[in-house]
Amino acid sequence: FMTARYLGPMIEFTSDLGAITVDQIQGPFFAGWPDPPSPERHLEILRGSAHVALAVHEPDGRVVGFANAITDGGYMAFIPLVEVVASFQGRGIGSDLVRRLLDDLSDYYAVDVMCDPELQPFYRHLGFQPGTGAMWRNYRRQSGGSLGQPS
């Protein structure tokens, strides 16, 4: 664990999901999503990830930021989600979360992120290069159902 002061309350960074409960990840996360994952689904997504970085607000134990990575086990990794609660944004927490994942993934050949064009400067300052990609989404599965099970 590493604790740092980010212009206010103490934030503890961890990759240990063992003691994290649904009550701690209420956010609000997924701002602007039309059908965001429930906190239960959110925790399930984090637990299914190969790597996770969490920012925990020390006074109350609430998770105020997270990033996760999925991998093939050694060559390629993908960072699908990086989120910081709006009231904690602009303090470097998101950058710190991504840097922690990149440290964990430093032996990988590639670490990719798909993001909207307006988010590219955030990733560029962390060493990412803009690229071209394509994506397919099954929006019916965005919020509901258990991982690996049809809804």
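As shown above, the structure is provided for reference.
Residues numbered from 1 in each chain as written. Predicted model: local features only at pLDDT ≥ 70, side-chain atom pairs only at ≥ 80, totals over all residues. Heavy atoms only, no water.

Now for the nonpolar core. Judged by nonpolar contacts, the single largest core of 37 residues is most densely connected at L54, I93, L97 and F128. Mapped by element, the contributors of at least two residues to this core are β2 (10–14), α1 (39–47), β3 (51–57), β4 (62–71), β5 (76–84) and α2 (93–104). Setting aside residues up to four positions removed in sequence, L54 forms contacts with E12, F13, T14, D16, L17, I20, L46, V63, G65, F66 and L97. (Core = buried A, V, L, I, M, F, W, Y, C linked by side-chain atoms within 4.5 Å. Buried < 20%, exposed > 50% of the residue type's maximum accessible area, 1.4 Å probe, protein only. Helix = DSSP H or I, 4+ residues; strand = E, 2+ residues; numbered from the N terminus. Contact = heavy atoms within 4.5 Å.)

Where burial is concerned, most of β4 is hidden: 7 out of the 10 residues are buried. Relative to β4, β3 runs antiparallel, the two sharing 7 bridges. In the sheet register, A53 faces β4, and the bridge partner there is A67. Where β3 folds back onto β4 in an antiparallel hairpin, the turn is made up of 4 residues, including G61, whose phi is positive at roughly 75°. Connecting β4 to the antiparallel partner β5 that follows it, the hairpin turn spans 4 residues, and G73 within it adopts a positive phi of roughly 100°. (Pairing = 2+ DSSP bridges.)

Along its 12 residues, α2 runs 17 Å from first to last C-alpha, staying within 8% of the 16 Å computed at 1.5 Å per residue. Here α2 has its buried residues at I93, G94, S95, D96, L97, V98 and L101. For α2, the elements touching its buried residues are β2, β3, β4, β5 and α3 (120–124). (Expected span 1.5 Å × (residues − 1).)

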